[in-house]
Amino acid sequence: MIELARHGLLFIAYLLAQVFVFRHLDVMNYAAPHPMILFLLFLPTQWPRWGELLAAFSLGLLADLFMKHPGAMAFCCVLVVWLRRYWLSAIQPGMGAEDIEELKLGEQSNGWLLTYIFPLIAVFEAAYFVLIDAEISLEVAAKFGASTAYTGALCFLFALLFYKRKGERR
Amino acid sequence: MERLLAFLGRYYNLMLFLALELFAYSLLANHNENQRQAFSGWFLNVTGWMQESNANLVAYFNLDEENRELQAENIRLRREMNQLQVSLKKIKSRAPDTFGFLALSADTTDSLDAKAADFAAIPARVISNSAYSNYNYLAVDAGSAEGVKPGMGVVSAQGVAGMVVSAGEEYAMAMSLLNLNFNVSAKVKGKNVMGSFGWKGKRADQGALMYVPDHYHLVPGDTVVTSGYSSIFPENFLLGRISSVKPSQEHEGFHEIIVNLSVDFHTLDFVYLVENPYKTALDTLKPETAP
């Protein structure tokens, strides 16, 4: 119950930070930071998938209320959370579903964290910019690249500060 | 039932994922025109592909009949071409007798006819069609990749069939002539009586020529064709033949003219997508003359 409340507070903190701070920190309309997806990437792996999906959908939808393209964030958050388990299985060869549930994300090495975070952020940003621009073009590719680097760097930094440094917090 | 429950129990996460994604995308598409168009283009391509596959199968069993229809159309076109060539020669041969006046007239007619005949015609096959509602549409297997664009006319060997309203890359959707919203400027061939042609929604084989004043003498059997005044259809595409003429109850001083449609929409298959050669000029003029 305490864990749930803690994640509830984290949910609100990430949402407020995204909407009131990071939404305004874009660089020349190209690099847009979306560090709130770190909340989704560090959801406990013991959670049921429907719980993860609903948390991702809620977070995305609430963030969408403040965006010009309602639905885009919700779509991308749900997509990333859905792919997360498959990606974890892929980068932890030999691990079954039960092993994944035992995986402590905060105790992994920096290299592992980079391998885990960046591809999922790339998927998020690719889906997001293709959705809101409704096309695949050089401009979208530039936004995707810049935003992936920006969000990835922020997420890695926050992961080191708030998750890894304190070890297991779940 | 048990199997269904077992299936739902096994795949409920996947179904929840798909439902949430679908809901999020529909939210996006409902609030943004670009996303809506991208989705309709994608949806049109997918449904078009499925309908085309179905139409391919049906067409395979109807190849003989289709070939016969195409041959008949080729013969008709060849005859029409020959008749036009004969008429042209006649006009030119009369030129010296009229001190050049007819020669000038013939040249002018030539250039106008050449331009009017120079319309784009893109062949296509009907892959989906309906004739049973008040607002019928048909889908064809040609799209923007072939040059199809909204506003082009759809004609078959028998006559006018509809008008393109949206075009995906490979498929296009057209408003059928059997649609209450369909209207086209028309005239009675040989008499040059103008009117507006539309469908009244009762029978799939009859339309109506409207707004023709009752002092014009029209009889059953007269041919109704496009006038070329709308920006959609070139002139002289067959719409049908008049089946009855009587005083209009709705509009005093006008005829009520019922027209037997030339196109049988239940067997419609091969069509051409055409564009009025004067479309650009007509479209340019519209905003200046519109009230």
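Refer to the preceding data block for the structure.
Once a new chain begins, its residue numbering starts again from 1 and follows that chain's sequence as written. Both sets of labels track the order of writing: A upward for chains, 1 upward for ligands. Only residues with pLDDT of at least 70 are given local features in this predicted model, and only at 80 or more are side-chain atom pairs given and counted; all residues enter the totals for whole chains, interfaces and linings. Excluding hydrogens and water, the side-chain values take into account all heavy atoms of the structure.

S.K.: Sorry if this is basic, but what is going on with the packing of aromatic side chains here?
M.R.: Here a ring pair, both rings aromatic, is described through the centre-centre distance and the interplanar angle of the planes. Residue and element names in this part refer to chain A. Between the rings of Phe, Tyr and Trp (Trp by its six-membered ring), a pair exists once the centres lie within 6.5 Å; its type follows the angle of the planes, with under 30 degrees stacked, over 60 edge-to-face, and the other angles tilted. Scanning the model with the defined rule gives 14 aromatic pairs over all chains in all. Every member of this aromatic cluster is reached through a ring pair, and the members are Phe11, Tyr14 and Phe39. Only Lys NZ and Arg CZ are tested; either one counts as a charge over a ring when it is within 6 Å of the ring centre and within 35 degrees of the ring normal. The cationic tip of Arg49 hangs over the ring face of Trp82; the distance from NZ or CZ to the ring centre is 4.1 Å.

S.K.: Explain the pattern of salt bridges here, please?
M.R.: Oppositely charged side chains are able to pair whenever their charged atoms sit close together. Residues and elements named next belong to chain A. The salt bridge definition used is simple: a Lys or Arg side-chain nitrogen within 4 Å of an Asp or Glu carboxyl oxygen. Going through the model one piece at a time under the given rule, you end up with nine salt bridges over all chains. The partner of Glu52 in a salt bridge is Arg84, with the nearest N and O atoms 2.5 Å apart. Of the two residues, Glu52 is situated in helix α3 (residues 49-64) and Arg84 in helix α4 (residues 72-91); the sequence distance between them amounts to 32 residues. You'll find Glu52 and Arg84 in the same group, each marked buried. Note on conventions: DSSP H or I runs of at least 4 residues are helices, E runs of at least 2 residues are strands, and numbering of each starts at the N terminus. Exposure is judged per residue with a 1.4 Å probe applied to protein chains only, and the accessible area is read against the type maximum: over 50% gives exposed, under 20% gives buried, and values in between give partly exposed.

S.K.: Before we go on, may I ask you to explain α4 of chain A in this structure?
M.R.: What a helix should span is 1.5 Å times the count of its residues minus one. Taking 1.5 Å of rise per residue, 20 residues should cover 28 Å, and α4 of chain A covers 27 Å from first to last C-alpha, within 8% of that figure. The principal kink in α4 of chain A, of about 35°, is found at Arg84 of chain A. Bend is computed residue by residue as the angle between axes fitted to the seven residues ending at the residue and the seven residues starting at it.

S.K.: Just checking my understanding: could you explain the packing of helix α1 (residues 2-20) of chain A against α3 of chain A for this structure?
M.R.: Residue and element names in this part refer to chain A. Fitting a line to C-alpha atoms yields each axis, with helices limited to the stretch in contact; the angle taken between N-to-C directions then spans 0 to 180 degrees. Where α1 contacts α3, the axes come no closer than 10 Å and their chain directions differ by 30°. On the basis of the axis angle, α1 is roughly parallel to α3. As α1 runs across α3, the sense of the crossing is right-handed. Counting all contacts with α1, which are made through Phe11, Leu15 and Val19, the residues of α3 involved are Ala55, Ser58, Leu59, Leu62 and Ala63. Considering only residue class, the contact of α1 with α3 consists of seven nonpolar, one polar and no charged. When describing relative orientation, an angle under 35 degrees is termed roughly parallel and one over 145 degrees roughly antiparallel, while 65 to 115 degrees is termed roughly perpendicular and anything else oblique. Should the near helix be turned anticlockwise from the far one by less than a right angle, the crossing is termed left-handed; should it be turned clockwise, right-handed. Between two residues, a contact is recorded if the distance between any of their heavy atoms is within 4.5 Å. Gly is put with the polar residues, along with every residue not named as nonpolar or charged; the nonpolar set is Ala, Val, Leu, Ile, Met, Phe, Trp, Tyr, Cys and Pro, and the charged set is Asp, Glu, Lys and Arg.

By themselves these figures say nothing about function.
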